[in-house]
Amino acid sequence: AKEDPRIVDVEADLTGAHGMKPFKAAYPDRSFNVGIAEANMVGVAAGLSACGKIPFVHSFATFASRRCFDQIAISVCYAGLNVKIVGSDPGVGAELNGGTHMALEDMGIMRTLPGMTVFEPTDSVQLRKALPAIVEHEGPVYIRLFRRQAENVFDDGYEFDLGKADLLRDGSDVTLIASGVCVANALQAAETLAQEGVSARVLNIHTIKPIDADAVIKAASETGALVTAENHNVIGGLGSAVAEVLAEQRPTPLERVGVKDHFGQVGKAPYLMGVFGITAADIAKAARKAIARK
């Protein structure tokens, strides 16, 4: 924002929760709190974008996606405007806020919108590296932000490429494709599998749309079995995006690890990962099943 005066913040009464107090203090004339009115927030952002600004809007992922979907579809995407949408606390990140605040369908919702880019950072390093590219990208972007501290996967030497998967570990027997907080679990699963003599490739697909189809096809061709892991419903998110690529271009055994089509519940993130079946052990189990299907 210091370098680009077009960047503005539009929020729905979550200044403190989303760490935007320093921004508001530094740029009070570029920070707009519309109150708990997410649909209106998106409409205001669309107007600011039409005037040449680059608005970042933010709320909990349930409200940044479901509650204002029509405004995003019509006022932003249909109008071809440049609004960046941040949805926080997706999936297990909602923790004690429970099922009403637990977004497990937001990626599926946003993937359906023409022109929408869907991005889920893995850790704070990747987020910092990605933001300049997101600002430079002309068009709407949905950022699926895990608000609490995520396990570090990348170091400061990491180079980000919007739309291109990160190869975190090479392997020949199976490919584990993960996004967000499940990337660390996938790496742990790969270690477990290695102890069993199984060579697992690990891909971080951070850009769910447009997905890096070339990386998926290459992995399918070279390892012959795939597993997707996501902090999201297995319907509509990363697993669906990968399945679409495989069905159309390279049919390959695929196992999808994620929430099995039900609503969220109250609990701490580690507990919820176990309940939803998205732990490292679940990913390793799915890998064994995928390999057996070759």
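Residue indices follow the written sequence of each chain, beginning from 1 at its first position. It should be noted that, the model being predicted, local features are given only for residues of pLDDT at least 70 and side-chain atom pairs only at 80 or more, the latter also being counted only at that level, while totals for whole chains, interfaces and linings use all residues. The side-chain numbers reported here are obtained from all heavy atoms of the structure, hydrogens and water having been left aside.

Some details on the packing of aromatic side chains
Our working definition: Think of it this way: a Phe, Tyr or Trp ring, Trp meaning its six-membered ring, pairs with another when their centres are within 6.5 Å, and the plane angle makes it stacked under 30 degrees, edge-to-face over 60, tilted otherwise. Whether a residue is buried, partly exposed or exposed follows from its accessible area with a 1.4 Å probe, protein chains only, as a fraction of its type maximum: under 20%, in between, or over 50%, in that order.
What the rule picks out here adds up to four aromatic pairs. Between Phe60 and Phe63, the aromatic rings sit 6.3 Å apart at their centres with planes inclined by 55 degrees, giving tilted as the arrangement. The exposure classification of Phe60 matches that of Phe63, with both residues buried. Pairing Phe154 with Tyr158 gives two aromatic rings, centres 4.1 Å apart and planes at 35 degrees, and the pair type is tilted.

A short note on the sheet that holds strand β3 (residues 54-60)
This is how the line gets drawn: Strand pairing is defined by DSSP finding a minimum of two bridges between the two strands. Numbered from the N terminus, helices here are DSSP runs of H or I no shorter than four residues, and strands are runs of E no shorter than two. Where helices are involved, their axes are fitted lines through C-alpha atoms of the stretch in contact, as for all axes, and angles between N-to-C directions lie from 0 to 180°.
Ordered in space as β2-β1-β3-β4-β6-β5-β10, the seven strands form an open sheet in which the pairing is mixed. Either end of the sheet is taken by a strand with one partner, and the two such strands are β2 (31-33) and β10 (207-209). Across the sheet, the mean angle from the axis of one strand to that of its neighbour is 20 degrees, orientation sign disregarded. Where β3 lies against strand β4 (residues 84-88), five bridges are found, and the strand directions are parallel. If you follow Phe56 over to β4, its bridge partner there is Lys84.

Structural notes on the side chain of Ser65
Filter applied, for reference: Within 3.5 Å is the distance limit for a polar contact, defined as a pair of N or O atoms, with the added protein rule that one can donate a hydrogen and the other accept it, and that residues adjacent in sequence qualify only through two side-chain atoms. Contact definition: two residues touch when any of their heavy atoms are within 4.5 Å.
Tracing the sequence through the fold places Ser65 in helix α3 (residues 61-67). A polar atom in the side chain of Ser65 sits 2.6 Å from the backbone oxygen of Ala61. Dropping the residues within four chain positions of it, Ser65 is found in contact with Asp106, Ile109 and Met110.

Here's the deal with the packing of helix α8 (residues 213-223) against helix α9 (residues 238-249)
Convention followed: The labels follow the angle: roughly parallel below 35 degrees, roughly antiparallel above 145, roughly perpendicular from 65 to 115, and oblique for the rest. The crossing is said to be left-handed when, going from far helix to near helix, the turn is anticlockwise and less than a right angle, and right-handed when the turn is clockwise.
Interhelical geometry of α8 versus α9 gives an angle of 65 degrees and a closest axis separation of 10 Å. Taken together, the axes of α8 and α9 are roughly perpendicular relative to one another. Note that α8 runs across α9; the crossing there is right-handed. Residues Ala213, Val216, Ile217 and Ala220 of α8 form the contact with α9, whose participating residues are Val242, Val245, Leu246 and Gln249.

With respect to the pattern of salt bridges
Note the cut-off: Each reported salt bridge corresponds to a side-chain nitrogen of Lys or Arg within 4 Å of a carboxyl oxygen of Asp or Glu.
All chains considered together, the criterion is met by 15 salt bridges. One salt bridge connects Arg147 with Asp89, and the closest N-O pair in it is separated by 2.8 Å. Of the two residues, Arg147 sits in the loop between β6 (141-145) and β7 (166-169) while Asp89 sits in the loop between β4 and α5 (106-111), which places them 58 residues apart along the sequence. A residue is classified by how much of its surface remains accessible, and Arg147, at 31% relative accessible area, is partly exposed. The salt bridge involving Arg111 is made with Glu244; its shortest N-O contact spans 2.7 Å. With a gap of 133 residues between them, Arg111 in helix α5 and Glu244 in helix α9 connect regions that are remote in the sequence.

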